[in-house]
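Each chain, written out:
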Amino acid sequence: MKKKLLFLAFLFTSSCSLQNNTYFPLNENMTWNYHIDIIPEIEKKSVYKKISSVLKKQKIINPSTNQEIYVYPLRRENNSIYYYYNSKEGILRFGKQYNSNNIEFEKEKRYVLKYPIKKGNTWTEESKTFLILRRYPYFDYKATANFQLKNKLISLNETIKVPAGSFKKCIKIVGEGNTTFFGDSEIGTIKIKIKTQEWYAPNIGLVKAVRVEETDTDLFGTTKMVQVLDQYSK
């Protein structure tokens, strides 16, 4: 009876781990193509394309513990590489690499998804503003500031329709944060509110994301980003 209970516990743990990972699959050669609209209140709308592809997993030394771990590299369209780690606590963005330089490891734990995958689960991550922009004749002025983004998983059963298809049983994560940015003596200090929404589909990953950065000044206004999955391949 004891052996049977241990076996069932093992199956339960394994199935939970598998279920958690399905919302951010890290299968080699999997590729996601995204369409991104950046919609400022002040400037003109911008449209971008983003491509991420999973490379072969790598064994590296964790600088925090000095132990070997497996990380999963995702190559972006500009050849930058982001490294992800599937830990017992969740899936983390572990580091990044530009132009074949050394990996820049994250100083703090930066979760993409925090386990367990259940309604009400919360976590905090380091982030920075990147949408607020003013274009001038000779330069672009960006309001960039660090802040703490507080995330909460609010739903396990969302249906989302994007160009890549209609996806059921998606999880939805919302995030909120506040920060300030000091421009110069003329602009002064700007308050910025950040709100995010993300939807992850089982066995697919991120299918849609919405981000709003709202300032308290008419000089920069509010900027919204909408990212949707165009197509994917496994």
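Everything below is about the structure printed above this text.
### Some points on the pairing of strand β16 (residues 222-233)
Next up, step 1: By the bridge criterion, 10 bridges tie strand β1 (residues 31-40) to β16 in an arrangement that is antiparallel. Opposite Y34, over in β16, you have L229 as the bridge partner.
Next up, step 2: As paired elements, strand β15 (residues 205-215) and β16 share 7 bridges and run antiparallel to each other. Opposite A209, over in β16, you have Q227 as the bridge partner.
Next up, step 3: Here β15 folds back onto β16, and the loop between the two strands holds 6 residues, one of which, G221, carries a positive phi near 65 degrees.

### Focus: the pairing of strand β3 (residues 58-61)
Next up, step 1: Both β3 and strand β4 (residues 68-76) contribute to a ladder of 4 bridges, which runs antiparallel. If you follow K59 over to β4, its bridge partner there is Y70.
Next up, step 2: As consecutive antiparallel partners, β3 and β4 are separated by 6 residues, and within that stretch N66 has a phi angle of approximately 65 degrees, a positive value.

### Let's talk about the packing of aromatic side chains
Next up, step 1: This model, assessed by the stated rule, comprises 4 aromatic pairs.
Next up, step 2: On the numbers, 5.2 Å between centres and 45 degrees between planes, the contact of F24 with Y84 is tilted. Highlighted residues: F24 in the loop between α1 (2-21) and β1 and Y84 in strand β5 (residues 81-86), separated in sequence by 60 residues.
Next up, step 3: For F24, a relative accessible area of 12% puts it in the buried group.
Next up, step 4: Its relative accessible area of 6% is what places Y84 among the buried residues.
Next up, step 5: Pairing F94 with F105 gives two aromatic rings, centres 5.7 Å apart and planes at 80 degrees, and the pair type is edge-to-face. With F94 in strand β6 (residues 90-97) and F105 in strand β7 (residues 104-105), the pair connects residues that are 11 residues apart, well separated along the chain.
Next up, step 6: Here K57 stacks its cationic end above the ring of Y70, 4.5 Å away from the centre of that ring.
Next up, step 7: Across the ring face of W199, the terminal group of K208 is positioned such that the distance to the ring centre comes to 5.4 Å.

### Things to note about the pattern of salt bridges
Next up, step 1: Evaluated as defined, the whole model comprises 8 salt bridges.
Next up, step 2: Among the salt bridges present, the one from E68 reaches K59, with a minimum N-O distance of 3.8 Å.
Next up, step 3: Here K59 falls in the partly exposed class, since its relative accessible area comes to 48%.
Next up, step 4: Linking R211 and E213 is a salt bridge whose minimum nitrogen-to-oxygen distance equals 3.0 Å.
Next up, step 5: Take R211: its relative accessible area is 8%, and that puts it in the buried class.
Next up, step 6: Residue class for E213 comes out buried when judged on its relative accessible area of 0%.
Next up, step 7: Each member of the salt-bridge network shares a partner with another, and the members are R93, K96 and E106.

Scoring rules and cut-offs
Just so you know, the residues in each chain are numbered from 1, in the order the chain's sequence is written. Confidence filtering applies because this is a predicted model: local features only for residues at pLDDT of at least 70, side-chain atom pairs given and counted only at 80 or more, and all residues used for totals across whole chains, interfaces and linings. To get the side-chain values, all heavy atoms of the structure are used, and hydrogens and water are removed first. Two strands qualify as a pair provided DSSP detects at least 2 bridges between them. Each helix is a run of H or I in the DSSP string that is no shorter than four residues. Each strand is a run of E no shorter than two, and both are numbered from the N terminus. Between rings of Phe, Tyr and Trp, where Trp is taken as its six-membered ring, a pair exists when centres lie within 6.5 Å; planes separated by under 30 degrees are stacked, by over 60 edge-to-face, and by other angles tilted. Any residue under 20% of the maximum accessible area for its type is buried, any over 50% is exposed, and the rest in between are partly exposed; the area is computed with a 1.4 Å probe on protein chains only. Each ring is checked for a lysine NZ or an arginine CZ that lies within 6 Å of its centre and within 35 degrees of its normal; such an atom marks a charge sitting over the ring. Salt bridge, as applied in this entry: a Lys or Arg side-chain nitrogen positioned within 4 Å of an Asp or Glu carboxyl oxygen.

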